[in-house]
Amino acid sequence: MKVCLVYVATRAVLASILLFCAGTYAADITVLSAVGLKPVVDELGPKFERATGHTLKIAFNPLGLALKQIRDGDASEVVILPAQGIKSLVQEGRAVEEEVRAVCNSIVVVAISKGTARPDISSPEAFKRSMLAIKSITLSDPARGAVVTPPILKVFERLGIAEEMKHKTIFTQVMGPTGIANALSEGKLEVTINQLQE
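What counts as what
- Residues numbered from 1 in each chain as written.
- Predicted model: local features only at pLDDT ≥ 70, side-chain atom pairs only at ≥ 80, totals over all residues.
- Heavy atoms only, no water.
- pLDDT = per-residue confidence, 0-100.
- Helix = DSSP H or I, 4+ residues; strand = E, 2+ residues; numbered from the N terminus.
- Contact = heavy atoms within 4.5 Å.
- Buried < 20%, exposed > 50% of the residue type's maximum accessible area, 1.4 Å probe, protein only.
- Right-handed = clockwise from strand over helix to strand, strands pointing away.
- Pairing = 2+ DSSP bridges.
- Axes fitted to C-alpha atoms, helices over the stretch in contact; angles between N-to-C directions.

**Describing the confidence of the model for the chain**
Interpretation of this model should avoid reading the predicted coordinates in detail wherever pLDDT is low.
Inference 1: Looking at the chain, the pLDDT average stands at 77 and 79% of residues meet or exceed 70.
Inference 2: Within the chain, strand 1 (residues 3-11) has the poorest average pLDDT of any element, 24, and helix 6 (residues 162-166) the best, 95.
Inference 3: In the model, residues 1-24 has pLDDT below 50 throughout and makes 89 contacts with residues more than four positions away in sequence or in other chains.

**Some thoughts on the pairing of strand 2 (residues 28-34)**
Inference 1: Strand 2 sits mainly inside the fold: five of its seven residues count as buried.
Inference 2: Crossover handedness for the path strand 2 to helix 1 (residues 38-52) to strand 3 (residues 55-61): right-handed.
Inference 3: Pairing of strand 2 with strand 4 (residues 78-80) involves three bridges; the strand directions are parallel. Along strand 4, the bridge assignment pairs Val31 with Val78.

**Describing the sheet that holds strand 3**
Hydrogen bonds between backbone atoms are what pair the strands of a sheet, whose relative direction is either parallel or antiparallel.
Inference 1: Read across the open sheet, the three strands follow the order 3-2-4; overall the sheet is parallel. Two strands close off the open sheet at either side, each with one partner strand: strand 3 and strand 4. Averaged over all neighbouring strand pairs, the angle between strand axes comes to 20 degrees, with direction disregarded.
Inference 2: Judged from the seven bridges that link them, strand 2 and strand 3 form a sheet pairing that is parallel. What sits directly across from Ile29, in strand 3, is Leu56.
Inference 3: Docked against the sheet, helix 1 engages strand 2, strand 3 and strand 4, running at close to 175 degrees with respect to strand 3.
Inference 4: On top of the sheet, helix 2 (residues 63-71) reaches strand 2, strand 3 and strand 4; it is set at about 120 degrees to strand 3, its chief contact.

Have a look at this one:
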């Protein structure tokens, strides 16, 4: 089954990302990154290593788990997280605001499996009708630290369809692109709303 990109829905809340490097002269640089950036880090990491001679030791985790690691004493030299995670680290004094750098924006998209009718998301009312018409929607699990899902669930609440959507929502068991790919291969994915890179 093939996933077709349907429409760029909105810019995610992920506008700011922390790039915090404490040990730029180390031969090994430890990186803690959000799962959503795995494709980007996987592509750029080897290029960085070739250009600098440094070796990256990278761990990918959903936001909730990454924050727990940091609060439990993780000493990664580079941390790449969504804006809301970085904001909480700054408020807790675990990151210095002046050292925070926005490095990318994340685009949220609606994607469908091949053969699924293209949902109309041209207006809030059209989006509501489309969501009520689908049989299922696959979302990244907020209990595992998914960043995009909580705002989507709030949209469902504002549209007055939260209860109806609860029965149609399938949360991925694995975070990131793998979770979406698994749902697709198992035939569970009809519609998903997620970050473009996932």
